[in-house]
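# Fold and contact review
So you can see what is in the structure, the chains are spelled out below.
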Amino acid sequence: MSFLKITSAHKAYRTPEGAMVHALNDVSLDIRNNEFLTLLGPSGCGKTTLLKCISGFEDIDSGEISLEGKDLKGVPAHRRPFNTVFQNYALFPHLNIADNVGYGLDVAKVAKKKRNIRVEEALELVGLSGFGSREPNQLSGGQQQRVALARSLILRPRVLLLDEPLSALDRKMRENMQIELKLLQDSVGITFVFVTHDQEEALAMSDRIAVISDGKVQQVASPTEVYDEPANEFVANFVGTSNIFTGRIFEKQGNIVTIETANQRKVQAESDRFGIGDHVQLILRPEHLKFTPGGNGIPDNCIEGVVETCIFVGSDLHLHVDVGKGRKAVVHHRHDRGNADEKIEAGSQVTLYYSPRAAHLIKAMAN
Amino acid sequence: MLDKILNSRFWSWLFKGYGFVFLTFLYLPLGLIFVYSFNANSINMAVWTDFTFDWYLTIFGGANSQSEFDAAFTESPERIFEVVRNSAVVALCASTISTVIGTATAIALQRYNFAGKKFYQALLILPMIVPDIVLGIALLIFFVGAGFELSLLTIIIGHTTFLASYVFIVVSARLAGMDTTLEQASADLGAGPLTTFRRVTLPQIMPGVVGGFLLAFIISLDDVVITYFIAGVGSQTLPIFILAMMRRGLRPQINALAVLLLAFSFVVAAIGLYLRSRKT
Ligand SMILES: Nc1ncnc2c1ncn2[C@@H]1O[C@H](COP(=O)(O)OP(=O)(O)OP(=O)(O)O)[C@@H](O)[C@H]1O
Ligand SMILES: [Mg+2]
């Protein structure tokens, strides 16, 4: 039986000007028990709205949200076995840390002794033992975030909903918390629905990613699948960077197809799904574009170009290469310190190639 | 440019002088009342004769060295006690009731959307704009028409009608500054609406509620105009009583009463400020 199932959910807000904003537009999502699912999408795409509809702070206009087959319609937020870590943590400023964490137990009238033990355990779980008597404003952002986490986890919810909990932290802290959260999720065995607009975060932490844009689910898949086989152009551009060539397949040999683009460039890819005459988009990740080695073994599908900009980001060089006919290609080149001959800078002539197996094809949008 | 002029010596002194004169005007009369309340001269209190606590003692029933003349112009401690008690009862009841009404209304208007919300809001502010005298007459007509006997009860009802507006405004300001996700967090953690109100909303808006209560209390305590219309014969409050005393002449005992009233107001205001500073 499915666990948390969302079927054709619609939600529209009326703006003060009278227009309708479709925050959720036919969203269907099947969330599995114990998985770490990330909702990834740009700002304003409806991630928070979806969480609010799951937690019960908002009602969907149509569609269904069900837990283990039971429709949640009409069940108020405080009766749903879900807990939320809010975007701004929402710690109660008038209570100290222990009382914040123990709030859910106090409301449920758990006996004092048992309550205190569980609060202590929860604080220990997030590495904050001994902080119980502090006030929320006496903690750092990362610590507050962990208190919010402890406060939600102490109730042992079926699902923990996290709304961009790491967005307020600095980069180092965020990376630490990403690992901690993932380990925590493994150890407590609770379904996490995690919202972020940071694609690296999504790739690093998730079992599955649901890419959302304009209130619609664009793709639900594992991180590698989302990255290697994006379902459409939006996903290809939002998750990582992509070079996209649009054209028509005019030749197929075995499973290697050759595509002719609008400005007569010929590119190759490997595909079983598409045949001659299909309109397709070829998606190529920047790290799969390589410099051809000098000398003989030059592969036949090369692209000549001139380096326009060259940005050093530590491990990689990020290059924008002008490949002619008004097109630019993005290349991520592994910075090779040992190779003294290699000298790449703006203005360098380069020859690029890629393995057809690294290219991913999707159906081109009709236009 | 303007900066330069304002920073010049001349202007700086002028502004300092202005500030001094302004504050003098404001506080000199209060200072005089305070000084005169210790003046033994009962005929002309502007002429200092001797230092005395007598006027305070007459209020509490401890003075005995009174001339016939003085006795005719001083009120008995029993009478003063009665009107002070009346005032306290009215102020306590009216401010308590209006705190409950004002707070509830503020929450309703802040959190829920319903038809006529704006109109309702305007209605709530209106009693603060309507001249007291009009409100007083209107209340009197209403009470008489409805067959109420004028008493402490009518004063309490009358005060509540406009004090609720003050509480409403103070609490609304506090509510507007409150993070609504706190209430969502509470619901999320399993608390029903009542528990959320008791454990989260109320503690958050408490400074506003207490502030509104104290404001209502002070306003009720020294209201003259409205009370004048709706106070019955046996239900004089302290301000009305002082007004009546004044008709028979400005006597030193009034000074002493005024100083006590002032001191009491200061204490209430200080409590309010203290509570505000403690939780924000
Ligand atoms: N109460 C509301 N009234 C009107 N429109 C709303 C309301 N809440 C959200 N919206 C609109 O619905 C859309 C989705 O909002 P939502 O908060 O779900 O975005 P989000 O994906 O969480 O964005 P972010 O990453 O910035 O938090 C937005 O266009 C927003 O303007
Ligand atoms: Mg959001």
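Everything quoted here is computed from the prediction, not taken from an experiment. (Residues numbered from 1 in each chain as written. Chains lettered and ligands numbered in written order. Predicted model: local features only at pLDDT ≥ 70, side-chain atom pairs only at ≥ 80, totals over all residues. Heavy atoms only, no water.)

## Examining the domain arrangement of chain B
Residue and element names in this part refer to chain B. The domain boundaries assigned to chain B delineate domain 1 (2–71) and domain 2 (77–277). Look at where the C-alpha atoms of domain 1 and domain 2 centre, and you get two points 30 Å apart. Listed as interface residues are 16 residues of domain 1 and, on the opposing side, 13 residues of domain 2. Between domain 1 and domain 2 the total buried area reaches about 1,300 Å² when both faces are included, carbon and sulfur atoms providing 76% of it. Our count for the domain 1 to domain 2 interface comes out at zero salt bridges. The set of elements that each furnish at least two residues to the side of domain 1 that touches domain 2 consists of α2 (9–36) and α3 (54–60). No other element matches α3, which puts five residues into the side of domain 1 that touches domain 2. Each residue belonging to the side of domain 1 that touches domain 2 can be placed in one class, and the counts come to eleven nonpolar, five polar and no charged. (Domains from an automatic or database assignment. Contact = heavy atoms within 4.5 Å. Buried area = accessible area lost by both parts, 1.4 Å probe. Salt bridge = Lys/Arg side-chain N within 4 Å of Asp/Glu carboxyl O. Helix = DSSP H or I, 4+ residues; strand = E, 2+ residues; numbered from the N terminus. Nonpolar A, V, L, I, M, F, W, Y, C, P; charged D, E, K, R; others polar.)

## Remarks on the domain arrangement of chain A
Residues and elements named next belong to chain A. What the domain assignment reports for chain A is domain 1 (4–238) and domain 2 (243–363). With centres defined by C-alpha atoms, the gap from domain 1 to domain 2 works out at 39 Å. Domain 1 puts ten residues into the contact, and the matching count from domain 2 is seven residues. A per-residue breakdown of the area domain 1 buries against domain 2 is headed by Tyr227, Glu233 and Ala236, which together make up 59% of the total. Applying the counting criterion to the domain 1 and domain 2 interface returns zero salt bridges. Sorting the residues of the side of domain 1 that touches domain 2 by element identifies α7 (223–228) and α8 (233–238) as the ones contributing at least two each. Taken together, the residues that form the side of domain 1 that touches domain 2 break down as five nonpolar, two polar and three charged.

## Description of the packing of helix α8 (residues 152–176) of chain B against helix α10 (residues 193–221) of chain B
Residues and elements named next belong to chain B. With their axes 8 Å apart at the nearest point, α8 and α10 run at an angle of 150 degrees to one another. In terms of their interaxial angle, α8 and α10 are classed as roughly antiparallel. Our pair here, α8 against α10, has a crossing hand that is right-handed. Contacts between α8 and α10 involve His159, Phe162, Leu163, Tyr166, Val167, Val170, Val171, Arg174 and Leu175 from the first element and Gln204, Ile205, Pro207, Gly208, Val209, Gly211, Gly212, Leu215, Ala216, Ile219 and Ser220 from the second. Here the contact of α8 with α10 is composed, by residue class, of 13 nonpolar, six polar and one charged. (Axes fitted to C-alpha atoms, helices over the stretch in contact; angles between N-to-C directions. Parallel < 35°, antiparallel > 145°, perpendicular 65-115°, else oblique. Left-handed = near helix turned anticlockwise from the far one by under 90°.)

## Examining the sheet that holds strand β1 (residues 4–14) of chain A
All names here are of chain A. An order of β2-β1-β4-β5 is seen for the four strands of this open sheet, with the pairing classed as antiparallel. The two strands at the open ends of the sheet, each matched to only one other strand, are β2 (20–31) and β5 (70–71). Two strands pair when backbone bridges link them, and β1 and β2 are joined in this way by nine bridges, in the antiparallel orientation. In the strand pairing of β2, Ala12 is matched with His22. (Pairing = 2+ DSSP bridges.)

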